[in-house]
Amino acid sequence: MERLRIAVHKFSSCDGCQLAFLNMGEALIELSEAVEIVHFPEAGYVDELAHVDIAFIEGSIVTAHDENRIASIRAVSNRLVTIGACATSGGIQALKNAAQSPDDWTGTIYATPSYIDTLRTSSAIADYVPVDFELWGCPITSQQIVTLVGALLRGVWPVDDTEKVCMSCKRAQYVCTLVTKGEPCLGPVTRAGCGALCPAFGRDCFGCFGPSDTCNAQGLANRFVGLGYQPERIARRFRLIHSTRTDWSVT
Ligand code: SF4
Ligand code: SF4
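Keep in mind the model is a prediction, meaning the values are calculated, not measured. (Residues numbered from 1 in each chain as written. Chains lettered and ligands numbered in written order. Predicted model: local features only at pLDDT ≥ 70, side-chain atom pairs only at ≥ 80, totals over all residues. Heavy atoms only, no water.)

Engineer: Requested: an account of the packing of aromatic side chains, with residues and values cited.
Structural biologist: Overall, the coordinates contain 6 aromatic pairs when judged by the stated rule. Aromatic side chains Phe-21 and Phe-56 sit 5.2 Å apart centroid to centroid with 75 degrees between the ring planes, which places their arrangement in the edge-to-face category. Residue Phe-21 is found in helix α1 (residues 19-22), and its partner Phe-56 is found in strand β3 (residues 52-58); the two are separated by 35 residues along the sequence. Judged by relative accessible area, which is 2%, Phe-21 ranks as buried. Residue Phe-56 is classed as buried on the basis of its relative accessible area of 0%. Ring geometry for Trp-105 against Tyr-110: centres 6.4 Å apart, planes inclined by 65 degrees, an arrangement best described as edge-to-face. Among the aromatic side chains, those forming a connected cluster through ring pairs are Phe-21, Phe-40 and Phe-56. Above the plane of the ring of Phe-11 lies Arg-69, whose end atom (NZ or CZ) is 4.0 Å from the centre. (Phe/Tyr/Trp six-rings, centres within 6.5 Å; stacked < 30°, edge-to-face > 60°. Helix = DSSP H or I, 4+ residues; strand = E, 2+ residues; numbered from the N terminus. Buried < 20%, exposed > 50% of the residue type's maximum accessible area, 1.4 Å probe, protein only. Lys NZ or Arg CZ within 6 Å of the ring centre and 35° of its normal.)

Here it is in structure tokens:
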């Protein structure tokens with residue numbers, strides 16, 4: 001099998017999704033035999049504009065420099081795959097998009113706001129260049145990388161799994177926090193992929209993997225109101241990680 005040339009690029013992000021590569025354990029050894037890592041600064045490889053088969057992109061677009069960089073990277077990449085919430089929907093930092101003016105938040109957060117030079121918004125990579133495949137999650141898992149690379153090595157296009165977290169939760173026979181504790185679990189409208197990690201520990205799902213297909217977010221929000229939660233708190237729960245997704249806009 002021919003080795004795939006890959007690159008891992010960072011934009012505005014916390015680096016958590018890049019760790020899905022570095023935390024693979026033994027699978028990383030197998031992966032390194034199947035691929036040639038051309039650019040991955042966090043692992044010590046730097047050649048940003050080398051031609052590659054797959055460019056993995058972590059992070060959102062928040063500066064004019066980012067806009068130029070992503071266009072250059074797209075031009076030298078056969079396939080471009082976004083990894084994580086930041087790259088697929090703008091991430092937690094896209095909460096700033098709701099501010100009336102950039103000064104609303106820079107003055108609150110930074111001692112010298114005049115040093116901050118960013119775009120008005122934090123945006124998904126797909127808002128700027130064509131994206132071939134999206135891996136959702138905050139963070140993504142190592143298994144998502146292994147599955148995607150394995151499929152591409154065999155010449156098969158990876159399956160976009162849009163099943164809901166509830167399905168993983170039920171298969172694992174975890175106790176439902178929504179039914180038994182009345183907690184505002186987003187599992188019924190969230191993509192699977194995490195293995196229902198939070199319900200496994202008795203916690204409600206925060207929606208890290210983003211909207212599933214055919215999700216009825218407003219219906220779930222209405223259910224939360226019936227449990228006694230305030231609409232503002234419910235809306236914040238839906239906005240936390242994927243605030244740019246209109247299919248999770250609830251009132
Ligand atoms: S998606 Fe989450 S874990 Fe990944 S880089 Fe963004 S903030 Fe970090
Ligand atoms: S705990 Fe959440 S994810 Fe699990 S079945 Fe209940 S609603 Fe679905």
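Next, the rest of the story.
Engineer: Could you give me a rundown of the site of ligand 2, with the residues and numbers involved?
Structural biologist: Near ligand 2, the surroundings consist of Val-165, Cys-166, Cys-169, Lys-170, Cys-176, Thr-177, Leu-178, Cys-185, Gly-187, Pro-188 and Pro-199. Broken down by secondary-structure element, the contributors of at least two residues to the shell around ligand 2 are α7 (165-171) and α8 (177-181). With 4 residues, α7 is the largest single contributor of residues to the shell around ligand 2. Of the residues in the shell around ligand 2, the class split is 8 nonpolar, 2 polar and 1 charged. (Near = heavy atom within 4 Å. Nonpolar A, V, L, I, M, F, W, Y, C, P; charged D, E, K, R; others polar.)

Engineer: Could you give an account of the sheet that holds strand β2 (residues 35-39), with specific residues and numbers?
Structural biologist: Taken in spatial order, the 5 strands make up an open sheet running β2-β1-β3-β4-β5, and their pairing is parallel. A strand with exactly one partner marks an edge of an open sheet, and here the two such strands are β2 and β5 (133-135). Taking the axes of each pair of neighbouring strands and ignoring which way they run, one obtains an average angle of 30 degrees across the sheet. Relative to β3, strand β1 (residues 4-10) runs parallel, the two sharing 5 bridges. From the neighbouring strand, Lys-10 faces β3, where its bridge partner is Glu-58. (Pairing = 2+ DSSP bridges. Axes fitted to C-alpha atoms, helices over the stretch in contact; angles between N-to-C directions.)

Engineer: Which residues make up the site of ligand 1, and what are the values?
Structural biologist: In the vicinity of ligand 1, the residues found are Ser-13, Cys-14, Asp-15, Gly-16, Cys-17, Glu-58, Gly-84, Ala-85, Cys-86, Gly-137, Cys-138 and Pro-139. Per-class residue counts for the shell around ligand 1 are 6 nonpolar, 4 polar and 2 charged.

Engineer: Residue-level account of the pattern of salt bridges, with values.
Structural biologist: Applying the stated rule across the entire model yields 10 salt bridges. Two residues, Glu-232 and Arg-239, come together in a salt bridge whose shortest N-O distance is 3.6 Å. By relative accessible area, Arg-239 is classed as partly exposed at 37%. For Asp-247, the salt bridge identified is with Arg-245, shortest N-O distance 2.7 Å. Judged by its relative accessible area of 25%, Arg-245 falls in the partly exposed class. Counted as one network, the salt bridges with shared partners bring together Glu-232, Arg-236 and Arg-239. (Salt bridge = Lys/Arg side-chain N within 4 Å of Asp/Glu carboxyl O.)

Note that all results are geometric; they support no functional claim without further evidence.
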